[in-house]
Amino acid sequence: MTTLDKNGSNLAAKPAIVTRKTFDQVMVPTYAPSQVVPVRGSGLDVWDQEGRRYLDFTAGVAVTSLGHTNPILADALCAQARTIWHVCNLYTNEPVLRLALALTQATFADRAFFCNSGAEANEAAFKLARKYASDKFGPKKSRIISCLQSFHGRTLFTVSVGGQPKYTEGYAPLPEDIDHIPFNNIDAARAAITDDVCAVVVEPVQGEGGVIPATPEYLQALRQICDEKNALLIFDEVQCGMGRTGTLFSYMDYGVTPDILTAAKALGNGYPIGAMLTTVEIAKTFSVGSHGTTYGGNPLAATVALKVLEIINTPEFLARVNHASEQLQKTLRGIVADYPHVFAEVRGKGLLLGLVMADGYKGRSKDVVNAAEAQGLMLLVAGMDVVRIVPALIVSDRQIDEAGKLLRQAVDALLKSA
Ligand SMILES: *Cc1c(COP(=O)(O)O)cnc(C)c1O
């Protein structure tokens, strides 16, 4: 078979040679990726084009929680790939029904909607909340309250609800009736949540915004105010859910139950899937045709997600996450103690942790990430003042030790270069 390019030349059978430079030549420049191009991964190990090994403490931004190329997930995906890939929404499929059963048995929810990403899960949640309030209380109850620094995705609705103005610049006109309040401030919430509010959305642990856990009092107060004002409480657990903070979902540890919960990231361990979970009462706002998506709950994605859920949602697995969290926090606190002029504190929950830059190093979290990469350790930022550390949940004590050593070497190198 011959494959022709747009000039009619035969494209060679062997794959093109591509490097980091190719990115600038062919990609829309929405990202500035590292010079390192990962080609292979196993567990927390990643190898680049040169064969150099890295210890991955990013998990693809809290996605590959069960490690790269997890063999159990790979087997499940391959078996499903030989069974059936896709059916349209005229038909349901067995994997998605099993996944919905498992998620509703594991959580407060009795209904699930599936899509392909966190943004889409939130988009569904915001649409559902607006329609629920409109049907029940009339069209004036449309206001959505969200927190400053929050992140809810990149569709026009979700960036507008998100609390970071830089992400909406240039995209006006934006969806209306959205207000932002300071996170963890109960008085501000009480003032903002008026009778025209249909929903309040919050991340139990803010991820992109700087790895900041909500206080239990804050989430309890939001629950109470929402009940008083007939507003729905939406927890965006796209980043902090699926075992990341030590319980299957963060709301379980806080003991505050939302009306709608969104999940994505680790749900598919890298196979794209998002979910919106809610109660039967709220779910029935949507009827046939109210909302939809071609791929949502596709058999491949649902098969992987069900396996992920089965592995994560056991007492032993979650106990291990909490143990690893203690080990990692101890390691990081040791680094803060030894480099107090570089790092101010460790914060976060479970294996969603942040190292906050000290005053003298404000704005330089990316320098730490770059220095760590040079030592063979992959880390993330959460804004300019926080280094975000989110290893796969299967991280071992040995890998935590190794990451601590590499991070110390990185900071030493950074100090020497300054
Ligand atoms: C990543 C993230 C999203 C967006 O998810 P996408 O899959 O990128 O659309 C939404 N909310 C939170 C809290 C996130 O961390």
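For the structure, check the block above.
As a matter of local geometry, the ligand sits amid Ser117, Gly118, Ala119, Asn122, Phe151, His152, Gly153, Glu203, Asp236, Val238, Gln239 and Lys265. Measuring from a nitrogen atom of the ligand, one finds a backbone N or O atom of Phe151 at 3.2 Å. Within the side chain of Asp236, one N or O atom sits 2.7 Å away from a nitrogen atom of the ligand. For the ligand, whose unbound accessible area comes to 380 Å², protein coverage reaches 82%. Sort the elements by how many residues they give to the shell around the ligand and helix H5 (residues 118–137) lands first, with 3 residues.

Looking now at the side chain of Thr64. Topologically, Thr64 is positioned in the loop between helix H2 (59–62) and helix H3 (71–81). Every residue in contact with Thr64, bar those within four places of it in the chain, is listed here: Ala59, Asn269 and Ala392.

It is worth spelling out the sheet that holds strand S6 (residues 178–181) at this point. With mixed pairing, 7 strands are arranged side by side in an open sheet as S4-S12-S11-S10-S7-S5-S6. The sheet terminates laterally at strand S4 (111–115) and S6, the two strands that pair on one side only. Within this sheet the neighbouring strands show an average axis-to-axis angle of 20°, counted without direction. Where S4 and strand S12 (residues 274–278) come together, 5 bridges link them in antiparallel fashion. Pairing of Arg111 across the sheet is with Thr278, part of S12. Strands S4 and S12 of the sheet are contacted by helix H4 (residues 94–106), whose axis makes an angle of about 130° with S4.

A separate point is the packing of H3 against helix H11 (residues 299–312). Where H3 contacts H11, the axes come no closer than 9 Å and their chain directions differ by 150°. One element, H3, and the other, H11, form an angle in the roughly antiparallel class. In this structure, H3 meets H11 at a crossing whose hand is right-handed. When H3 is examined against H11, the residues Ile72, Leu73, Ala76, Leu77, Gln80 and Ala81 are found in contact with a partner set consisting of Pro299, Leu300, Thr303, Val304, Lys307, Val308 and Ile311. Split into classes, the residues belonging to the contact of H3 with H11 amount to 10 nonpolar, 2 polar and 1 charged.

A contiguous nonpolar patch, built from Leu156, Tyr171 and Leu174 and spanning about 270 Å² of accessible area, is present on the exposed surface. Following the sequence through the fold, Leu156 ends up in helix H6 (residues 156–161). Overall, the relative accessible area of 39% leaves Leu156 in the partly exposed class.

To continue, consider the nonpolar core. One broad rule of soluble globular proteins: the nonpolar side chains tend to lie buried together. In terms of nonpolar packing, the biggest core is built from 97 residues, with Phe57, Tyr218 and Phe343 touching the most fellow members. Both domain 1 (20–63 + 315–417) and domain 2 (72–312) contribute no fewer than three residues apiece to this core. Once you skip the residues sitting within four places of it in the chain, Phe343 turns out to touch Ile335, Val336, Leu355, Val356, Met357, Ala358, Val368, Val387 and Val411. In terms of nonpolar packing, the next biggest core, distinct from the first, is built from 23 residues, Phe113, Ala133, Leu232 and Ile282 among them.

With that out of the way, let us pick up the state of the cysteines. One pass over the structure, following the stated rule, counts 0 disulfides. Among the cysteines around Cys226, which has no disulfide bond, Cys198 carries the closest sulfur, lying 10 Å off.

Before going further, it helps to spend a moment on the environment of Lys362. Here Lys362 lies in the loop between strand S14 (352–357) and helix H13 (365–374). Assessed through its relative accessible area of 42%, Lys362 is described here as partly exposed. As a C-alpha pair, Lys362 and Gly246 span 116 residues in sequence and 30 Å in three-dimensional space.

What counts as what
Residues numbered from 1 in each chain as written. Predicted model: local features only at pLDDT ≥ 70, side-chain atom pairs only at ≥ 80, totals over all residues. Heavy atoms only, no water. Near = heavy atom within 4 Å. Polar contact = N/O pair within 3.5 Å; in protein donor to acceptor, adjacent residues only side chain to side chain. Areas by Shrake-Rupley, 256 points an atom, 1.4 Å probe, with all protein chains shown as cover. Helix = DSSP H or I, 4+ residues; strand = E, 2+ residues; numbered from the N terminus. Contact = heavy atoms within 4.5 Å. Pairing = 2+ DSSP bridges. Axes fitted to C-alpha atoms, helices over the stretch in contact; angles between N-to-C directions. Parallel < 35°, antiparallel > 145°, perpendicular 65-115°, else oblique. Left-handed = near helix turned anticlockwise from the far one by under 90°. Nonpolar A, V, L, I, M, F, W, Y, C, P; charged D, E, K, R; others polar. Patch = residues over 30% accessible without salt bridge, like charges linked within 9 Å, V, L, I, M, F, W, Y side chains within 5 Å. Salt bridge = Lys/Arg side-chain N within 4 Å of Asp/Glu carboxyl O. Buried < 20%, exposed > 50% of the residue type's maximum accessible area, 1.4 Å probe, protein only. Core = buried A, V, L, I, M, F, W, Y, C linked by side-chain atoms within 4.5 Å. Domains from an automatic or database assignment. Disulfide = S-S within 2.5 Å.

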